[in-house]
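One-letter residues, chain by chain:
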Amino acid sequence: MIVLEETLKASDIPADLKPHLVWGEVLEGTRKRLVFMQAVREDSSLVGKTGTKISVPVASQLTASTIAEDTLDSSGFTFTDKTITDVDVTIGNMVYCAVKLSDILQEDVPDIDWVRLMLRNMGAAIAEYIDGAIRDALIAGAGTTITAATAGTLAYGDIVKAVSTLKKNGWFPEEGNPPLLFIHPDQEADLLKDTLFVETARYTAGSVERLQGEVAGRYAGCRVLVTDNMTAALALVVMPPNHRFGPSTIFAWKRKLRVKSDREEAYERTIYIATARYGIKVVQSSAIVLISNC
């Protein structure tokens, strides 16, 4: 009789003899949620044209008055002119993202489409940078800043006050075209816990973006845009760019996203460079209200 003294197990095989499979999908993690482009008027008039600046004419409003017949007979009408000034939208520095891919990398790990992976991520990086630049321009260019009634908490009343400020500046919301409310997730949590008007059916699926207040899908009359790319402890209320009185902010393209490649044969690698050029300018600051200390 033959007795087997040992059993060959998987653990007995050297690690180098155990092949492994690289999953075809690369998990890149998260990026910031992009929302701020919705607050600006995009302009492409400088693309392919000479110049790096757009001058936006701004005119004062005329006012009317009364005149008595005797005054009219003796001195006639008093004439006034509209004053014309301009606000410049100037193209800034080039924004870019660049990578190098070696031939050996693509030979050794061909299951991953490295070129597509890099190009997609480069475009996302530039879009995220632009989103943050628009945010900073809106915050810096806000015509009015109000402070939250309760330090460290954004409340329904704060947003109502911001909308009221816009109205006092002449910016009344239009039917189907509400002001935009930009908030950080921390401030979203505050609004979800706000107990004011608890009998109003404001919440759907636990998301502030689907709140139901006076108008379905609105919060204090505003369309809510939540993003982790918003500065915490701040909130912005901005009139939409297609308002009949014009946009608050203009985003002017000089070069839309462009990708070029080049070879470095001496190193057997390929260079990929994604670039964009643009300018951002707040042209009507009275259409932006910043809520601070929330």
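Everything below is about the structure printed above this text.
Now for a description of the structure that goes with this document. Please read these numbers as outputs of a predicted model, since none were measured by experiment. (Residues numbered from 1 in each chain as written. Predicted model: local features only at pLDDT ≥ 70, side-chain atom pairs only at ≥ 80, totals over all residues. Heavy atoms only, no water.)

**Describing the nonpolar core**
Of all hydrophobic cores here, the largest spans 36 residues; its most connected members are Phe36, Ile134, Phe182, Leu236, Phe251 and Tyr278. Every element with two or more residues in this core is listed here: strand E4 (95–102), helix H3 (114–141), strand E6 (180–183), strand E8 (235–238), strand E9 (249–264), strand E10 (269–282) and strand E11 (288–292). Ranked by residue count, the leading element in this core is H3, at ten residues. Excluding residues that lie within four positions of it along the chain, Phe251 makes contacts with Met37, Val40, Arg41, Glu42, Asp43, Ile130, Ile134, Tyr278, Gly279 and Ile280. With 24 residues, the next largest nonpolar core counts Val163, Trp171, Val224 and Val289 among its residues. (Core = buried A, V, L, I, M, F, W, Y, C linked by side-chain atoms within 4.5 Å. Buried < 20%, exposed > 50% of the residue type's maximum accessible area, 1.4 Å probe, protein only. Helix = DSSP H or I, 4+ residues; strand = E, 2+ residues; numbered from the N terminus. Contact = heavy atoms within 4.5 Å.)

**Quick look at the environment of Gly24**
One can find Gly24 in the segment before strand E1 (41–43). Remark: the alpha-carbon pair of Gly24 and Ile112, spanning 88 residues in sequence, is separated by 6.0 Å.

**Overview of the sheet that holds E4**
The four strands lie next to each other as E1-E9-E10-E4, forming an open sheet whose pairing is mixed. Single-partner strands in this sheet number two, and they are E1 and E4. Shown here is a sheet whose adjacent strand axes are inclined to one another by a mean of 25°, direction ignored. Two strands pair when backbone bridges link them, and E1 and E9 are joined in this way by three bridges, in the parallel orientation. Following the sheet pairing, Arg41 is matched in E9 by Ile250. Contacts from H3 reach E4, E9 and E10 within the one sheet, and its direction differs from that of E10 by about 20°. (Pairing = 2+ DSSP bridges. Axes fitted to C-alpha atoms, helices over the stretch in contact; angles between N-to-C directions.)

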